[in-house]
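Topology and contacts: notes
Listed below are the residues making up each chain.
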Protein chains: 2
Amino acid sequence: MSMTNNYELYKVFYWAAKSGSLSQAAKSLYLTQPSVSHAIKQLEESLGLTLFYRTSKGVTLTQEGTVLYSYIEQSQMLISLAEEKMSALKNLDSGELRIGGSDSLFKHYLLPYLELFHRTYPGIRLHLNHGTTPEIITFLKEGRIDMGVVRMPIVDPQLAVKESLQLQDCFVAGAAFSGLKDRVITLEELLEHPIILFSRNSRARMAITELFRGYGYKIKPGIEVGSVDLLIEFARKGLGLSYVAKEFIAKELEDGSLFEIRLDVQLPPSHVGIMTLRSVPLSGSASKFLELIQ
Amino acid sequence: MSMTNNYELYKVFYWAAKSGSLSQAAKSLYLTQPSVSHAIKQLEESLGLTLFYRTSKGVTLTQEGTVLYSYIEQSQMLISLAEEKMSALKNLDSGELRIGGSDSLFKHYLLPYLELFHRTYPGIRLHLNHGTTPEIITFLKEGRIDMGVVRMPIVDPQLAVKESLQLQDCFVAGAAFSGLKDRVITLEELLEHPIILFSRNSRARMAITELFRGYGYKIKPGIEVGSVDLLIEFARKGLGLSYVAKEFIAKELEDGSLFEIRLDVQLPPSHVGIMTLRSVPLSGSASKFLELIQ
DNA sequence: ATTGGTCATAGACACGATCTATAGCTCCTG
DNA sequence: CAGGAGCTATAGATCGTGTCTATGACCAAT
């Protein structure tokens, strides 16, 4: 579709026009002067126009050459900017990292890594998209995020999932239920108390519902909340027993504002996985972040 | 100074990104698919980044590729515009023609040619710069005009001058001097009447002064004017005898509002020359106009 | 399973970009 | 005025590389 079959000629033209000398242009381009002379001639022939006045002290643009230069100069600038930008992207001086996940995982798991990453590569813009697991998967497949951080298990042939963290969920309570402290509680007894669970469509919620059903019980929360922070807060205020990953409440267990309820059954651990699209290479920033996490 | 040694790769990249298919790009560029595949690979390697996701139904840009595309697209657009513009310049659909000369020559000599030229090439912008002969020569040497139209003789080794029109200067008068009609007048008698001449620094003025001096007379105008139109107008109003090229007053001679004064000496013809810079190729529009003039 | 599309790879070839060498020109200098 | 130092243009040889053909691997749809 283009009339000139070699854009290289424009590069030569640009340098020749810019420096006003074919010899100078040759130096800038690491070519010899005859090469440049020839290139310009080729360009002139292919356009059917004379672009330069040749004098014994260099070259100057003709009317037509001046017009051409005004376009080519900008075009070269853009390429030059593009190359700078690409170099920045390569060195992770620029770019973006888009992660999907739940707020709780961001806050309680990824936060320190994100901090470190941001300090190491301050030029990379971080985009944190929160959503449910299916939403995250959709985002990923649409290319709107680079990776997703969700609870396992994930079964999807398009996704590469790497298990990265094991969580031990448990029931916890605050001072209001101190009668349950230091004892082993049965599921039956547990269910006599108000239960605080994560909202219905979450992975963790489905897992615990399933678990109780396996033992022949139906778990029915008194309170449903949308964030781990509220699970913790409500338990502390004595509104009920929260079901939450032990790793997320290390501080509260430490200072005694919450205690773990020991059950007569073993609650299964859950896993956090990092999903990426199997078929698609990672961006520079994404692969660097993955590296950093492990 | 540039990191990528071949801008051709960007062209290939552009078409591949634009069409989302290496095969398609190959068709657009009149290449084979492996060539395109290889070119993209080369570009990716030289940038150190992956630009495309390859799938079995084409390619799509990666994050980095998208960034690159945003620059390259514009760059290609500019080149494409440049090529269009160059084509227009070549076909004289666009461009400019800058002529230097005196108002009188524009009006009485060039006007019909300018009209024809403008009708033939309406896209060409005409710039008419008037000035004295030395000014015109300066303009020409500075590259501010493409050609100059002035009275001969011009002696300047840098200039190519083509004689294009012979003018016969003569003295004319209007009805007020009808006593001079149908007679042969001597120079002496002529000088008894008020004379209207062009302003002092003009070629025509210098020529006539010189001529009279050769005959031993000193010509001293009663009125000096700055344009041929005023020469004509003042003569018609009877303010004196104007010295003017016969070719410029064809209409007035025809309708009888002016008549030529016959002298006992032969007034030398003068010539109009078209000057161009000897060392410098003409612009497309300029050479076309020269062609048209002859 | 077959077909038709995609992109990737390998290896051969030929064209053309680039080089060296030289010439012509203009300007400047001793 | 001769000679030198710039500049660009030209000619011809050479080497590199861009391009091709042929083929493979993969995927999706029939």
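None of these values were measured; they are calculated from a predicted model. (Residues numbered from 1 in each chain as written. Chains lettered and ligands numbered in written order. Predicted model: local features only at pLDDT ≥ 70, side-chain atom pairs only at ≥ 80, totals over all residues. Heavy atoms only, no water.)

Focus on the sheet that holds strand β3 (residues 95–101) of chain A
Residue and element names in this part refer to chain A.
- In spatial order, the strands read β4-β3-β5-β14-β6; together these five strands make up an open sheet with mixed pairing. Of all the strands in the sheet, the pair left with one neighbour each is β4 (124–130) and β6 (159–167). Within the sheet, the average angular offset between the axes of one strand and its neighbour, ignoring direction, is 20°.
- Where β6 meets strand β14 (residues 270–277), eight bridges bridge the pair, whose relative direction is antiparallel. Its bridge partner being in β14, Ala160 is matched across the sheet by Thr276.
- Where helix α6 (residues 133–141) meets the sheet, its contacts fall on β3, β4, β5 (147–151), β6 and β14, and the angle it forms with β14 comes to roughly 20°. (Pairing = 2+ DSSP bridges. Helix = DSSP H or I, 4+ residues; strand = E, 2+ residues; numbered from the N terminus. Axes fitted to C-alpha atoms, helices over the stretch in contact; angles between N-to-C directions. Contact = heavy atoms within 4.5 Å.)

Quick look at the relation of the copies chain A and chain B
- Superposing chain A onto chain B requires a rotation of 179° together with a translation of 0.1 Å along the rotation axis, leaving an RMSD of 0.4 Å. The operation mapping one copy onto its partner corresponds to a two-fold rotation axis. The position closest to the rotation axis in chain A is occupied by the C-alpha of A:Ser75, lying 2.2 Å away.
- Mapped onto chain B, 100% of the interface residues of chain A again fall at the interface, so both copies present the same surface. (Least-squares fit on C-alpha atoms with pLDDT ≥ 70 in both.)

Concerning the protein's contact with DNA strand C
- Around DNA strand C there are 20 residues in total, and B:Leu22, B:Ser23, B:Ser37, B:Lys41 and B:Arg54 lie nearest to it.
- When the atoms of DNA strand C within 4 Å of the protein are grouped by moiety, sugar and phosphate amount to 71% of the total.
- Contact between DNA strand C and A:Gln42: a phosphate oxygen at 3.5 Å from a side-chain N or O atom of the residue.
- Interatomic distance of 2.9 Å between a backbone N/O atom of B:Ser56 and a sugar or linking oxygen of DNA strand C.
- Listing elements by their share of the surface near DNA strand C, those giving two or more residues are α3 (33–47) of chain A together with α2 (22–28), α3 (33–47), β1 (52–55) and β2 (58–61) of chain B. (Near = heavy atom within 4 Å. Polar contact = N/O pair within 3.5 Å; in protein donor to acceptor, adjacent residues only side chain to side chain.)

Observations regarding the confidence of the model for chain A
- Counting all residues, the mean pLDDT for chain A is 86, and 98% of those residues have values of 70 or more.
- Here helix α8 (residues 203–214) of chain A stands out as the element of chain A with the lowest mean pLDDT, 83, in contrast to strand β12 (residues 259–260) of chain A, whose mean of 92 is the highest. (pLDDT = per-residue confidence, 0-100.)

A short note on the UniProt feature "domain: HTH lysR-type" (unreviewed entry) in chain A
- Here, the residues flagged by UniProt with the feature "domain: HTH lysR-type" (unreviewed entry) are residues 11–62 of chain A.
- In the segment residues 11–62 of chain A, helix accounts for 60% and strand for 15%; the C-alpha atoms at its two ends are 18 Å apart. (UniProt positions renumbered as here; feature names shortened; annotations may be inferred.)

A word on the packing of helix α1 (residues 8–19) of chain A against helix α4 (residues 63–90) of chain A
Residues and elements named next belong to chain A.
- Packing of α1 against α4 brings their axes to within 10 Å, and their N-to-C directions diverge by 110°. It follows that α1 is roughly perpendicular to α4 by the angle criterion. Crossing of α1 over α4 shows left-handed handedness. Contact with α1, carried on its side by Tyr10, Lys11, Phe13, Tyr14, Ala17 and Lys18, involves Gly65, Leu68, Tyr69, Ile72, Glu73, Gln76 and Met77 of α4 and no other residues of that element. (Parallel < 35°, antiparallel > 145°, perpendicular 65-115°, else oblique. Left-handed = near helix turned anticlockwise from the far one by under 90°.)

Concerning the interface of chain A and chain B
- Residue-level contacts link 43 residues of chain A with 43 residues of chain B.
- Linking chain A to chain B there are zero salt bridges.
- The interface formed by chain A and chain B holds nine residue pairs in polar contact (both at pLDDT 80 or more) in total.
- Of all the secondary structure elements, the ones that give two or more residues to the side of chain A that touches chain B are α1, α4 and β3 of chain A.
- Considering every element that reaches the side of chain A that touches chain B, the biggest residue donor is α4(A), with 18 residues.
- Class assignment of the residues belonging to the side of chain A that touches chain B gives a composition of 21 nonpolar, 13 polar and nine charged. (Salt bridge = Lys/Arg side-chain N within 4 Å of Asp/Glu carboxyl O. Nonpolar A, V, L, I, M, F, W, Y, C, P; charged D, E, K, R; others polar.)

Considerations on the sheet that holds strand β12 (residues 259–263) of chain B
Residues and elements named next belong to chain B.
- Taken in spatial order, the six strands of this open sheet run β8-β12-β7-β11-β9-β10, and their pairing is mixed. This sheet does not close on itself; its edge strands, each paired only once, are β8 (184–185) and β10 (223–225).
- As defined by bridge partners, strand β9 (residues 195–198) adjoins strand β11 (residues 241–245) across two bridges and the pair is classed as parallel. Looking across to β11, one finds that Ile195 is bridged to Leu241.

Describing the protein's contact with DNA strand D
All names here are of chain A.
- Looking at DNA strand D, there are 21 residues lining it, with Leu22, Ser23, Ser37, Lys41 and Arg54 nearest.
- When the atoms of DNA strand D within 4 Å of the protein are grouped by moiety, sugar and phosphate amount to 68% of the total.
- Here a phosphate oxygen of DNA strand D sits 2.7 Å away from a polar atom, N or O, in the side chain of Lys41.
- Tallied by class, the residues present in the surface near DNA strand D amount to six nonpolar, 13 polar and two charged.

Structural notes on the nonpolar core
- A:Phe13, A:Leu68, B:Phe13 and B:Leu68 are the most contacted members of the largest nonpolar core, which has 62 residues in total.
- Mapped by element, the contributors of at least two residues to this core are α1, α2 (22–28), α3 and α4 of chain A together with α1 (8–19), α2, α3 and α4 (63–90) of chain B. (Core = buried A, V, L, I, M, F, W, Y, C linked by side-chain atoms within 4.5 Å. Buried < 20%, exposed > 50% of the residue type's maximum accessible area, 1.4 Å probe, protein only.)

Considering the domain arrangement of chain A
- Its domain assignment divides chain A into domain 1 (8–90), domain 2 (95–160 + 274–293) and domain 3 (169–268).
- Here the C-alpha centroids of domain 1 of chain A and domain 3 of chain A sit 72 Å apart. (Domains from an automatic or database assignment.)

Structural notes on the pairing of β3(A)
Residue and element names in this part refer to chain A.
- With six of seven residues buried, β3 is to be regarded as a mostly interior element.
- Taken together, the seven bridges between β3 and β4 define a ladder with parallel strand orientation. By the bridge assignment for β4, Glu96 is matched with Arg125.
- Tracing the backbone out of β3, into helix α5 (residues 103–120) and back to the parallel element β4 gives a crossover that is right-handed. (Right-handed = clockwise from strand over helix to strand, strands pointing away.)

Things to note about the packing of aromatic side chains
- Counting across every chain of the model gives 20 aromatic pairs over all chains.
- Taking the centre distance of 5.8 Å and the plane angle of 70° together, the rings of A:Tyr7 and A:Tyr10 count as edge-to-face.
- The class for A:Tyr7 is buried, based on a relative accessible area of 6%.
- Its relative accessible area of 0% is what places A:Tyr10 among the buried residues.
- Judged by centre distance (4.8 Å) and plane angle (45°), the rings of B:Phe171 and B:Tyr243 are tilted. Here the residue B:Phe171 occupies a position in strand β7 (residues 169–173), and B:Tyr243 occupies one in strand β11, the gap between them amounting to 72 residues.
- B:Phe171 gets classed as buried once you look at its relative accessible area, which sits at 1%. (Phe/Tyr/Trp six-rings, centres within 6.5 Å; stacked < 30°, edge-to-face > 60°.)

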